[in-house]
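Secondary and tertiary structure notes
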Amino acid sequence: PVLRDEVLEAFSGRRLEVFADGTLGAGGHAEALLTHCDIKRYIGIDRDPEALRIAGERLAKFGDRVTLVRGEFAQLPQVLRSVLGRSDGVLDGLLLDLGVSSMQLDEGNRGFSFSRDGPVDMRMDPSAPLTAAEIVNTWSEADIAHIIRTYGEDPHHRRLARSIVYNRELTGPITTTAKLADVLAAAIPAKLRHRRKPTPGGPARGSYTHPATRAFQALRIATNGELQQLEEALRVVPGVLRPGGGRVAVISFHSLEDRMVKTAVRAWEKERGGVWQVTRKVVMPGEEECGVNPRARSSRMRVAERLEEDEVFERKKNKYARERDEEDDD
């Protein structure tokens, strides 16, 4: 799992009676945390039944310390009430590892990656009604351009949307990821493609991002309502953490997610009063991890903790004192 050591560092040596993993995936973080931390009850949540099956086999050795629930992390209070009978202030630890898992990317039949041909599906929950194919083959050019611009932050969103609509009208529905990738690649001439920055374990200097990369991300986010899920989860997180030490770690993989998390943490400090950021700077993977696992290079982690009311008062007092001193220095 990405940022494994950093996640362990965030939670090691702490009281962890009850821990929730809102994005269980294949159970990599869960296995590490249960092995190295004294967690009495680990609640793993995922909306992908295949992920729950794989994680269940992986975590079976931990016995009744583990409870697996099929659901969405945006429904965290409801899940906690169903398992524990209540949700307010019950969690000592919470992990949210956002985005698509390596397991899902590696399965071509899920349609998440253009490097493996498969149906244009992209659903994290196979029972969900909306597929990426429906977006690609039935939505208007304007709506497709909008999601590629908003969720993919691609400056060529209009070109890409136009190519999708043109090709589906010319040759029929776009049903495979290979065809969709070709349609998107044909829309962007080489001189307009995004030049990638060389990074440890990443692309070589002068290489280009595949034109389908951001569009696939945008389609996946739209299909699964990922940002809406995150927005709702960030709204309820402060209430489920234990006052006086309940801690949350959020791992994101693109700027849209990270901005939302950063904004939420700042709002918690100002408005909610009880949740403060532990890591003042975002936590990033080291060169060694990026070399071993190139997918980790875009990961970012932020950690926050819910404090007692007297601790909040002291923090705010010290913060205002520092701000006044800085103003006096100016």
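Look a little higher up for the structure.
All of the points below concern the structure found in this document. Residue indices begin from 1 for each chain and proceed along its sequence in written order. Confidence filtering applies because this is a predicted model: local features only for residues at pLDDT of at least 70, side-chain atom pairs given and counted only at 80 or more, and all residues used for totals across whole chains, interfaces and linings. Side-chain numbers come from the whole structure's heavy atoms, not from hydrogens or water.

1. Looking at the nonpolar core
- Ranked by internal contacts, the top residues of the largest apolar core, which has 33 residues, are Tyr151, Ile164, Leu180 and Leu184.
- Secondary structure follows DSSP: runs of H or I at least 4 residues long count as helices, runs of E at least 2 residues long count as strands, and numbering of each begins at the N terminus. Of all the elements in the fold, those that place two or more residues in this core are α6 (132-138), α7 (141-152), α8 (157-171), α9 (177-187) and α10 (213-224).
- The element best represented in this core is α10, accounting for six residues.
- Apart from the residues within four sequence positions on either side, Leu180 is in contact with Val120, Val136, Ile164, Ile174, Phe216 and Leu219. As used in this record, nonpolar core signifies buried Ala, Val, Leu, Ile, Met, Phe, Trp, Tyr and Cys residues forming a set joined through side-chain atoms within 4.5 Å. Here the term buried applies to any residue with accessible area under 20% of the maximum for its type, exposed to any over 50%, and partly exposed to those in between, with areas from a 1.4 Å probe on protein chains only. Residue contacts are defined here by distance: any two heavy atoms, one from each residue, within 4.5 Å place the two residues in contact.

2. A closer look at the side chain of Arg247
- On the secondary structure map, Arg247 appears in strand β5 (residues 247-252).
- Apart from the residues within four sequence positions on either side, Arg247 is in contact with Ala10, Phe11, Arg14, Asp92, Gly93, Leu94, Leu241, Val278, Val303, Ala304 and Glu305.

3. Quick word on unusual backbone geometry
- Residue Leu3 is not a glycine yet carries a positive backbone phi of 50°.
- Checked against the element boundaries, Leu3 lands in the segment before α1 (4-11).
- One non-glycine residue, Met122, adopts positive backbone phi at about 70°.
- Position of Met122 relative to the elements: it lies in the loop between α5 (102-106) and α6.

4. Brief notes about helix α3 (residues 49-59)
- Taken together, the buried positions of α3 are occupied by Ala51, Leu52, Ala55 and Leu59. Angularly, the buried residues of α3 cover 95° about the axis, an arc narrow enough to put them on a single face.
- Buried-residue contacts for α3 involve α2 (28-36), β2 (39-46), β3 (66-70) and α5.
- Contacts described as polar in this section are N or O atom pairs within 3.5 Å, which, within protein, must combine one atom able to donate a hydrogen with one able to accept it, while residues neighboring in sequence count only if both atoms come from side chains. For α3, the side-chain oxygen to backbone nitrogen distance between the N-cap and Glu50 is 3.0 Å, and the N-cap itself is Asp48. Comment: arc refers to directions from the helix axis out to C-beta atoms.

No statement about biological role is implied by the geometric values presented.
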